[in-house]
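# Structural characterization, general
Given next are the chains, with one letter for each unit.
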Protein chains: 2
Amino acid sequence: MNKWINFDFGSAAGFIDQSELSAMKKEINAAHQILHEKKGRGAEFTGWLHLPQQIDREELSRIQQSADHIRSTSDTFVVIGVGGSYLGARAVIEMLSHTFYNEIPDGKRNGPRIYFVGHHVSPDYMQDLLDVLQDREVSVNVISKSGTTTEPAVAFRIMRRFLQEKYGVEGARRRIYVTTDRTRGALKKMADEEGYTQFVIPDDIGGRYSVLTPVGLLPIAVAGIDLEALLDGAAEAARLYATPDFHENNCYQYAAVRQYLYRSGKKIELFVHNDPWLHYFAEWWKQLYGESEGKEGKGLFPASVQFTTDLHSLGQYIQEGERLMFETVVQFGKPERDPVIPEEENNEDGLNYLAGQSMNYVNKKAMEGTLLAHADGDVPGLVITVPERSPYFAGGLIYFFEKACAISGYMMGVNPFDQPGVESYKKNMFALLGKPGYEQEKQVLLQRLKR
Amino acid sequence: MNKWINFDFGSAAGFIDQSELSAMKKEINAAHQILHEKKGRGAEFTGWLHLPQQIDREELSRIQQSADHIRSTSDTFVVIGVGGSYLGARAVIEMLSHTFYNEIPDGKRNGPRIYFVGHHVSPDYMQDLLDVLQDREVSVNVISKSGTTTEPAVAFRIMRRFLQEKYGVEGARRRIYVTTDRTRGALKKMADEEGYTQFVIPDDIGGRYSVLTPVGLLPIAVAGIDLEALLDGAAEAARLYATPDFHENNCYQYAAVRQYLYRSGKKIELFVHNDPWLHYFAEWWKQLYGESEGKEGKGLFPASVQFTTDLHSLGQYIQEGERLMFETVVQFGKPERDPVIPEEENNEDGLNYLAGQSMNYVNKKAMEGTLLAHADGDVPGLVITVPERSPYFAGGLIYFFEKACAISGYMMGVNPFDQPGVESYKKNMFALLGKPGYEQEKQVLLQRLKR
């Protein structure tokens, strides 16, 4: 195999009985089969499985055209979406962009400023966003399957009003891009009536698996990231991980080992990285795994930490607190730019032993040392190594985690593609907000709140 | 009591046996006593207890003078610190500043741009930071008790070199502000020799309790935040929470209830907020509780979620995954600016039932509904309500959590002021990096890594 994503048991090897792990191959095979034959629970939402190879080229080229148009007419781009409708795009954009992307001068930035909204209903955030948009040339992408989800719908009402006041009704129309259902729903209807440019959220792909659909692709392209490379990486992953052979399939090994550790009593999986640009990738991962597996009283609680930062915060707990967790480390190859630690004549800080070394070198040694320390503290660490920070490997890594998640969920015996529990708070919220049709629930809740 | 921070059992009340909770008063009393009489473990690090009332007025005025000077001579301020040496300042600054503080134009911003570095050794982050500093007028505050902690020491070497190249050796001297030990350590020595402006980290206050010392105060003042109000709020909290009377002491109630829930099998505490400006406050809280309690195989695993954002990601798990957790909600009173949801004639998104309502209203109802939904899913929710987003109540809330943490830690039987587990990774890292004195450890680790 050429340069590709590597998975190894890292410091977890000592925690695993190889014969017990081998016995799990049958489960892996079974999960593989029902996934590929579309016979498992939630099979109607497995469109992501062959998506990278079956991408709609015509729509892809429309996405790129729209992105190019936005890049040439706007210095600011606003993405409206919640959950899977923004996390994937944000993860890829932050993974592959300058740390201070929005803060560097317009000429030096590789695209318009990008803001996300509609992923909550914070009044301060909305007002502050309106402040920064005042003097900017703005385009908006609203992403919602139904068009009635509260958070993005509220944000879209406000943003559309803002655009109409700034550019007039007709001008606003040309600056709104809609990603929604192919045929149904409020947003689809609105888009048809207003003549907004439209992109389709496929019916057979749920929100948290949707980053490689137009949901993620339009914002990612606006950020100047190469979609072809992203999709090529995902396609290569789809090809590599299509084999049911456990020993040949990294992705299935990860699925098996995390199930193994879960069954041995580890209830928390920490996604560990030492690159600040993986922060939103970790958030994307948390949704993917938490929402896919956290049901029927089961599931690894997904949390994330950034090292070495959090070694000075959660490090103590990881080393010596309740023995509940294992770590999944995602690390990358050498960065393009790598500052070197300068020599200082007097060496008062005692750092001259590192003079001439690069920061990446220190970062890597810190991670190696940490994994050993945590293993000594009964916290096993799995290691995923990605050759480089690039669109190609971003695509590969996304697919790696998507497929491992599906397999892992099937091994756990749940439907990895539904999210029934998300409705509970929505129902209560609608009732308390006085949404028509929820009058009876409202009375019950008000009684409970009085107590 | 006038307007103050409120604590209530919220939806957790139904999970608590009042007589069992009452029985914990004795423990609370005992913890109170050893804390106030400085007879508990780690008593030598309880200087934060009376800090707000005993603040050194002379040093406070020097801090304000330096902050004013920095504000008038610099458009960019860089804070170098890791763990407790940056989290508190960052928490307060982000809590009380514009969401896009660094991105709004210089004239409209309430102080210089602020960047944090030295909280990890990411090469990309450092290089990207150097990019944005190129054309700016920069001052630096380096915060380290010893001056030899790897992350900030590496960052300081690089930043000092940057300043020297930009301003010359003498110019750089005037732009470096050092917060360090009163008498000892590498950074103290360097500061004396170079004549840097200095502020003192008290000996009796550990990193995670240090936000109201010069460690936090200088950066907070540079951001234009009122230090007097911040300290007044903390002083009022210190006064109110000095009573051992459980019924009069909100802060002790929180400590007791979280211990109660922990003993009943809840192993994860979720810090919940619905204000994006609390993100770093949550990070600060995670360090405070995780590092204070996570030892001897004990401790609540501290995690944080932002609603409603994370209801579309971790919400499924919280509602229906493993039953391991409870929630501690921190919510604030009505915001100053509160966008209203506009009416739309055709109402295609079905939101007109909310037209004329403010976003804050929706946000609050969402939280109420969520707490009830989660309680139905066996996740109790405690509620801390803060009257307003202001320096005064930020100070109060900081002290609330600090004192509750100390009491809670003593109830758990650990030393809430040490962090012995943080040394393990450091020792390994030093060995792998070839630091003089770690030769033997290095050989052992290299052997282990080969396996």
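### Section: the overall build of chain A
From N to C terminus, chain A includes 16 helices and ten strands. Its C-alpha atoms give chain A a radius of gyration of 23 Å, within 12% of the compact-globule value 22 Å for 451 residues. C-alpha extents for chain A along the principal axes are approximately 60 × 60 × 55 Å. Expressed as a percentage of the 451 residues in chain A, the buried residues total 66%. In chain A, the share of contacts with a sequence separation of at least 24, taken over all contacts with a separation of at least 6, comes to 78%.

### Here's the deal with helix 14 (residues 391-412) of chain B
Its 22 residues give helix 14 of chain B an end-to-end C-alpha distance of 31 Å, which sits within 8% of 32 Å, the value for a rise of 1.5 Å per residue. After helix 14 of chain B finishes, the residue B:G413 shows a positive phi value of roughly 85 degrees.

### Observations concerning the interface of chain B and chain A
Each partner contributes residues to the interface: chain B has 132 residues there, and chain A has 132 residues. Both sides of the chain B and chain A interface together cover about 11,500 Å² of buried area, and 60% of this is carbon and sulfur. Looking only at chain B, the three residues that lose the most surface to chain A are B:R157, B:H312 and B:E348, adding up to 8% of its buried area. Counting every contact that joins chain B to chain A gives 20 salt bridges. A salt bridge links B:D349 to A:R157, with the nearest nitrogen and oxygen atoms 2.7 Å apart. Seen at the junction of chain B and chain A, the total is 64 residue pairs in polar contact (both at pLDDT 80 or more).

### Details of the packing of aromatic side chains
Residue and element names in this part refer to chain B. Within the structure shown, the criterion is met by 58 aromatic pairs over all chains. Ring centres of F271 and F281 lie 6.2 Å apart, and the angle between their planes is 40 degrees; this geometry places the pair in the tilted category. Here F271 is found in strand 7 (residues 268-273), whereas its partner F281 is found in helix 11 (residues 279-293), with ten residues between them in sequence. Positioned above the aromatic ring of F430, the side-chain terminus of K435 is 4.0 Å from the ring centre.

### Overview of the confidence of the model for chain A
Looking at chain A, the pLDDT average stands at 96 and 100% of residues meet or exceed 70. Across the interface, the model reports ipTM at 0.97; the global pTM reads 0.98.

### Focus: the sheet that holds strand 9 (residues 325-332) of chain A
All names here are of chain A. Strands sit in the order 1-10-9-7-8 across an open sheet of five strands; the sheet is mixed. Each end of this open sheet is capped by a strand with a single partner; those strands are strand 1 (6-8) and strand 8 (301-306). The average angle at which neighbouring strand axes cross in this sheet is 20 degrees, direction not considered. Sheet topology places strand 9 next to strand 10 (residues 381-386); six bridges connect them, and they run parallel. Bridging across to strand 10, Q331 finds its partner in T385. Along the sheet, helix 10 (residues 250-263) contacts strand 1, strand 7 (268-273), strand 9 and strand 10; its crossing angle with strand 1, the most-contacted strand, is approximately 30 degrees. In the packing of helix 11 (residues 279-293) onto the sheet, contacts are made with strand 7 and strand 8, and the angle to strand 8 comes to roughly 170 degrees.

### Concerning the environment of B:V154
Tracing the chain through its elements places B:V154 in helix 6 (residues 150-174). When residues no more than four places from it in sequence are discounted, the contact partners of B:V154 are A:I341, A:L351 and A:M359.

### Looking at the sheet that holds strand 10 (residues 381-386) of chain B
In a beta sheet, neighbouring strands pair by backbone hydrogen bonds and run either parallel or antiparallel. All names here are of chain B. Pairing in this open sheet of five strands is mixed, and the strands run 1-10-9-7-8 from one edge to the other. Across the chains shown, the open sheet's two edge strands, defined by having one partner strand only, are strand 1 (6-8) and strand 8 (301-306). Across the sheet, the mean angle from the axis of one strand to that of its neighbour is 20 degrees, orientation sign disregarded. Relative to strand 10, strand 1 runs antiparallel, the two sharing three bridges. The partner of D8 across the bridge, within strand 10, is V383. In the packing of helix 13 (residues 359-376) onto the sheet, the strands contacted are strand 7, strand 9 (325-332) and strand 10, and the crossing angle to strand 9 comes to about 165 degrees. Each of strand 7, strand 9 and strand 10 is contacted by helix 14, which is oriented at about 145 degrees to strand 10, the strand it contacts most.

### Focus on the pairing of strand 8 of chain B
Every regular strand shows the same layout, with side chains that alternate between the two sheet faces. Residues and elements named next belong to chain B. For strand 8, a buried count of six out of six residues is recorded, marking the element as mostly surrounded by other parts of the structure. Strand direction decides the pairing type here: strand 7 and strand 8, joined by six bridges, are parallel. Across the sheet, the residue bridging to I268 is F301, located in strand 8. Note that the unit made of strand 7, helix 11 and strand 8 has a crossover that is right-handed.

About the cut-offs
- Residues numbered from 1 in each chain as written.
- Chains lettered and ligands numbered in written order.
- Predicted model: local features only at pLDDT ≥ 70, side-chain atom pairs only at ≥ 80, totals over all residues.
- Heavy atoms only, no water.
- Helix = DSSP H or I, 4+ residues; strand = E, 2+ residues; numbered from the N terminus.
- Rg over C-alpha atoms; globule rule 2.2 N^0.38 Å.
- Buried < 20%, exposed > 50% of the residue type's maximum accessible area, 1.4 Å probe, protein only.
- Contact = heavy atoms within 4.5 Å.
- Expected span 1.5 Å × (residues − 1).
- Buried area = accessible area lost by both parts, 1.4 Å probe.
- Salt bridge = Lys/Arg side-chain N within 4 Å of Asp/Glu carboxyl O.
- Polar contact = N/O pair within 3.5 Å; in protein donor to acceptor, adjacent residues only side chain to side chain.
- Phe/Tyr/Trp six-rings, centres within 6.5 Å; stacked < 30°, edge-to-face > 60°.
- Lys NZ or Arg CZ within 6 Å of the ring centre and 35° of its normal.
- pLDDT = per-residue confidence, 0-100.
- Pairing = 2+ DSSP bridges.
- Axes fitted to C-alpha atoms, helices over the stretch in contact; angles between N-to-C directions.
- Right-handed = clockwise from strand over helix to strand, strands pointing away.

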